[in-house]
Amino acid sequence: QVQFVESGGGLVQSGGSLRLSCAASELMADYYAMGWYRQVLGKERELVAAIDSGGTTIYVNSVKGRFTISRDAAKNTVYLQMNSLKPEDTAVYYCAADRSIVTVVRRPAYWGQGTQVTVSS
């Protein structure tokens, strides 16, 4: 039974920064790939970034150069550092995990509960 604890969301002005954290249960294998998705009302959940066990990362084009995904395998934790935030980044952000980067970017098996990020203009 995989559980996640997400934190770091909040309110920030355009141009500001936030860091999201997602801590997984210790039953999560170190080789699992992890990622971040976001969702706004009336829109499908969208992949933001993902990272595999070897450190390879992918990003949606709209956040390249502004967001950085990282992980601490020893702590079963994934982070999303968000800089130069824009109002368009406003969404509920969800962490996710699966056995490979192929599956985590398509249909992750495990999801966090979500944390709200609001960027004001």
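Reading guide: rules and limits
Residues numbered from 1 in each chain as written. Predicted model: local features only at pLDDT ≥ 70, side-chain atom pairs only at ≥ 80, totals over all residues. Heavy atoms only, no water. Helix = DSSP H or I, 4+ residues; strand = E, 2+ residues; numbered from the N terminus. Contact = heavy atoms within 4.5 Å. Phe/Tyr/Trp six-rings, centres within 6.5 Å; stacked < 30°, edge-to-face > 60°. Buried < 20%, exposed > 50% of the residue type's maximum accessible area, 1.4 Å probe, protein only. Lys NZ or Arg CZ within 6 Å of the ring centre and 35° of its normal. Pairing = 2+ DSSP bridges. Axes fitted to C-alpha atoms, helices over the stretch in contact; angles between N-to-C directions. Disulfide = S-S within 2.5 Å.

1. A short note on the environment of aspartate 30
Part 1 of the argument: Structurally, aspartate 30 can be placed in the loop between strand S3 (18-24) and strand S4 (33-39).
Part 2 of the argument: Considering only alpha carbons, one finds aspartate 30 and asparagine 76, 46 residues apart in sequence, at a separation of 7.1 Å.
Part 3 of the argument: Not counting residues within four places of it along the chain, the set of residues in contact with aspartate 30 comprises Ser53, Arg71, Ala73 and Asn76.

2. Focus: the packing of aromatic side chains
Part 1 of the argument: This structure, assessed with the given rule, holds three aromatic pairs.
Part 2 of the argument: Aromatic pair tyrosine 32 and tyrosine 110: ring centres 6.2 Å apart, planes at 35°, arrangement tilted. With a gap of 78 residues between them, tyrosine 32 in the loop between S3 and S4 and tyrosine 110 in strand S10 (residues 110-111) connect regions that are remote in the sequence.
Part 3 of the argument: You can call tyrosine 32 buried: its relative accessible area is 6%.
Part 4 of the argument: When the centroid spacing of 6.5 Å and the interplanar angle of 90° are considered together, the rings of tyrosine 94 and tryptophan 111 count as edge-to-face. You can see tyrosine 94 sitting in strand S9 (residues 91-98) and its partner tryptophan 111 sitting in strand S10, a full 17 residues away along the chain.
Part 5 of the argument: An aromatic cluster is built from Tyr37, Tyr94 and Trp111, whose rings are joined through pairwise contacts.
Part 6 of the argument: Between the NZ or CZ atom of arginine 45 and the centre of the ring of tyrosine 94, over which it lies, the distance is 3.7 Å.
Part 7 of the argument: The ring of tryptophan 111 has arginine 45 lying over it, and the distance from NZ or CZ to the ring centre is 4.6 Å.

3. Section: the sheet that holds S3
Part 1 of the argument: Read across the open sheet, the four strands follow the order S1-S3-S8-S7; overall the sheet is antiparallel. The sheet is open, and its two borders are formed by strand S1 (4-7) and strand S7 (67-72), each paired with just one other strand. With direction set aside, neighbouring strand axes in the sheet form an average angle of 15°.
Part 2 of the argument: Across six bridges, S7 lies against strand S8 (residues 77-82) in antiparallel orientation. Each residue of the ladder has a partner; that of isoleucine 69, found in S8, is leucine 80.

4. Some thoughts on the state of the cysteines
Part 1 of the argument: Applying the stated criterion to the full structure yields one disulfide.
Part 2 of the argument: In this model, cysteine 22 is linked to cysteine 95 through a disulfide, with the two sulfur atoms separated by 2.0 Å. The sign of the S-S torsion, about 45°, decides the handedness of the disulfide formed by cysteine 22 and cysteine 95: right-handed. Separated by 73 residues along the polypeptide, cysteine 22 in strand S3 and cysteine 95 in strand S9 bring together distant segments of the chain. Across this residue pair, the class does not change: cysteine 22 and cysteine 95 are buried.

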